[in-house]
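# Understanding the architecture of this molecule
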Amino acid sequence: MKEEKVLSFAFSHSNPVTASIEQEYYLISGNYTIQDTAGKVFKRIRELLAFNPSSGNILVKEKTCCDDHNYEKMFVVSRAGRPEKFKGENF
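Quantities reported herein were computed from a predicted structural model and do not represent experimental measurements.

### Thoughts on the environment of Glu72
On the secondary structure map, Glu72 appears in strand β6 (residues 69-77). With a relative accessible area of 48%, Glu72 lands in the partly exposed category. In this structure, the C-alpha to C-alpha distance between Glu72 and Lys61, residues 11 residues apart in sequence, is 6.9 Å. Other than its neighbours up to four places away in sequence, Glu72 contacts Lys61, Glu62 and Lys63.

In structure tokens, the structure reads:
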């Protein structure tokens, strides 16, 4: 059985829920900033958008920024910490 750590998500209509350690690690490890020798900064930020209490999946937005080239994508992270394509349905 996988160990779970309480990670609070603030929803006005529900109690705090738990996320897996793998999901928390996926969110934290995806945030970083790299600067090259020329001074260009590459930044990646992962943000939690929503939590599905019935499946345990989380919806994540990933922002990648480098100079004027910004890119955003959304995807679902399973309880096992694996990213999956977001299909726009109930994740």
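### So, the confidence of the model for the chain
Per-chain confidence: the chain averages 83 in pLDDT, with 79% of residues scoring 70 or above. Within the chain, strand β3 (residues 32-35) carries the highest mean pLDDT (94), whereas strand β1 (residues 4-5) carries the lowest (50).

### Quick word on the environment of Arg82
Considering the arrangement of structural elements, one finds Arg82 in the loop between β6 and β7 (83-85). Separated by 25 residues in the primary sequence, Arg82 and Asn57 place their C-alpha atoms 9.8 Å from one another. What Arg82 contacts, discounting residues up to four positions off in sequence, is Val76 and Val77.

Rules used in this analysis
- Along every chain, residues carry numbers that run from 1 in the direction the sequence is written.
- In view of the model being predicted, local features appear only for residues whose pLDDT reaches at least 70, and side-chain atom pairs are presented and counted only at 80 or more, with totals across whole chains, interfaces and linings using the full set of residues.
- To obtain the side-chain values, all non-hydrogen atoms of the structure were used and water was disregarded.
- Every helix listed is a DSSP run of H or I at least four residues long, and every strand listed is a run of E at least two residues long, numbered separately from the N terminus.
- For every residue, the accessible area (1.4 Å probe, protein chains only) is compared with the maximum for its type, and the residue is labelled buried under 20%, exposed over 50%, or partly exposed between those bounds.
- Every residue pair with non-hydrogen atoms within 4.5 Å of one another is taken to be in contact.
- Within a predicted model, pLDDT stands for the predictor's per-residue confidence, ranging from 0 to 100.

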